[in-house]
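Summary of the model geometry
Each chain, letter by letter, is given below.
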Amino acid sequence: MAKARMALTELAEKGADADFLREMIQYVAQRLMEMDVETLCGAAYGERSAERANSRNGYRERVWETRAGAIDLKLPKLRTGSYFPGFLEPRRTAEKALAAVIQEAYIQGVSTRSVDELVKALGMSGISKSQVSRLCAEIDERVGAFLSRPIEGDWPYLWIDATYVKVRQAGRIVSVAVIIAVAVNTDGVREVLGMAVGPSEAETFWTDFLRSLTRRGLRGVKLVISDAHEGLKAAAAKVLKATWQRCRVHFIRNALAYAGKGQRQMVLALINTVFAQDSAETASAQWRTVADQLRGKFPKLADMMDDAEPDVLAFKGFPKAHWAQIASTNPLERLNAEIKRRTNVVGIFPNDPAIIRLVGALLLEQNDEWQLQRRYLQLEGLQAISDNQPARLSAVMA
């Protein structure tokens, strides 16, 4: 627990994470105060009860200065006596304790006793198992609403990638895949569309995931970009009727594995001449030339190139203005790195819902940031590949 609290305190001190942690501290602190006052009053807000010992009397505002930044709180007022949350007392190590509450209730969501002890350490009267469950449920509701929201419009490009985390299942620690889907719509705006957690990356898993997206409204997908997952390739063709783009970066890594360390720069330079071509035709011709040049010294690499050509060069059949973004899963690399860094804080997840709670919250945060940024893709060419192109009205002579 001490290690977890230290890790979250370190997150608070990093500027890139401050907004995320500050928002969560504010939300959890507010909910904990509401629960604390509910216990002191002997009844919930607006509830008629013979056991009621006090009543609420509005709020007063208070700014709580933390290392994550200034947090605006609304302190509940009582009709009889006063209420002041103990965690605002300057002598208490409130930030560390509240970060640990978030770690337990928001990220892990399992140890009710630990949460209760931490809340008592904040100077509150403690919260019950049902209150902890309710708090986690409210947080899960936010993430769930985001991950199940309707998907509207056409989404020509869909990036899918997987990262792996450890989770405890039936007394064993296993590695599970966390699948993330990001897409760009015909306005050039990038959004996170969904995620899924599963024990493997078999075709059935990919198929179920893609069908869940189509049930929510996903349509108009023309190109699916991912690493070399045969199951995903088959599922994309079956469910989305879309072309599959094998990630160029992952392909190059696989290709270089066939060459010795001293020869990799030469092999890389040859393969890159393919991607420098200005058209699908010249790229295809150069691909075959490079494969033939490598065949004598690296026959296995040449065979792999023969098989991979249509998948690695699929992006060349789309608008040139988009090539840099749609040739690989690089648009997801930064997001995956952040997910990995945060999940490493947890180490081993207690269950799948805990994974969804943390990763889903990170995706929600990232999606909000993307909405404030400029278009991810140029509009040039997006309408041309859309299934729903705007109608053109012919001129009418009077």
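As a reminder, the structure under discussion sits directly above these lines.
Cut-off values and rules
- Residues numbered from 1 in each chain as written.
- Predicted model: local features only at pLDDT ≥ 70, side-chain atom pairs only at ≥ 80, totals over all residues.
- Heavy atoms only, no water.
- Phe/Tyr/Trp six-rings, centres within 6.5 Å; stacked < 30°, edge-to-face > 60°.
- Buried < 20%, exposed > 50% of the residue type's maximum accessible area, 1.4 Å probe, protein only.
- Helix = DSSP H or I, 4+ residues; strand = E, 2+ residues; numbered from the N terminus.
- Pairing = 2+ DSSP bridges.
- Core = buried A, V, L, I, M, F, W, Y, C linked by side-chain atoms within 4.5 Å.
- Contact = heavy atoms within 4.5 Å.

**Some thoughts on the packing of aromatic side chains**
Scanning all chains against the criterion turns up 7 aromatic pairs. Ring centres 6.3 Å apart and planes at 40 degrees place the aromatic pair phenylalanine 205 and tryptophan 206 in the tilted group. Taking relative accessible area as the criterion, phenylalanine 205 reaches 14% and is therefore assigned buried. Plain terms: the ring middles of phenylalanine 275 and phenylalanine 315 are 6.5 Å apart, the flat faces sit at 35 degrees to each other, and that makes the pair tilted. Placement of phenylalanine 275 in helix α9 (residues 264-275) and of phenylalanine 315 in the loop between α11 (299-312) and α12 (323-326) is noted, with a sequence separation of 40 residues between them. A relative accessible area of 11% means that phenylalanine 275 is categorised as buried. Members of the aromatic cluster, each reached through a chain of ring pairs, are Tyr157, Trp159, Phe318 and Tyr376.

**Notes on the pairing of strand β3 (residues 157-169)**
Here 13 bridges tie β3 to strand β4 (residues 172-184), and the two strands are oriented antiparallel to one another. In the sheet register, valine 167 faces β4, and the bridge partner there is valine 174. Between β3 and β4, which pair antiparallel one after the other, the connecting turn spans 2 residues, and alanine 170 there sits at a positive phi close to 50 degrees. Relative to strand β6 (residues 223-226), β3 runs parallel, the two being bridged by 3 bridges. Across the sheet, residue leucine 158 finds its bridge partner in β6, namely valine 224. Pairing of β3 with strand β8 (residues 348-349) involves 2 bridges; the strand directions are parallel. In the strand pairing of β8, lysine 166 is matched with isoleucine 348.

**Some points on the nonpolar core**
Counting 60 residues, the largest nonpolar core has Tyr157, Phe251, Trp287, Leu335, Ile355 and Leu363 as the members making the most contacts within it. In terms of residue count, helix α14 (residues 352-372) provides more of this core than any other element does, 8 residues in total. Residues within four places of leucine 335 in sequence aside, it is in contact with Ile180, Val182, Val192, Leu363, Gln366 and Trp370. Counting residues in each nonpolar core, the second largest holds 26 residues, with Ala183, Leu193, Ala196 and Phe209 among its members.

**Some remarks on the pairing of strand β5 (residues 190-198)**
Extensive coverage of β5 is indicated by the burial of 9 of its 9 residues. The pairing of β4 with β5 spans 8 bridges and is classified as antiparallel. What sits directly across from isoleucine 180, in β5, is methionine 195. Between β4 and β5, which pair antiparallel and follow one another directly, the connecting turn spans 5 residues, one of which, glycine 188, has a positive phi of 80 degrees.

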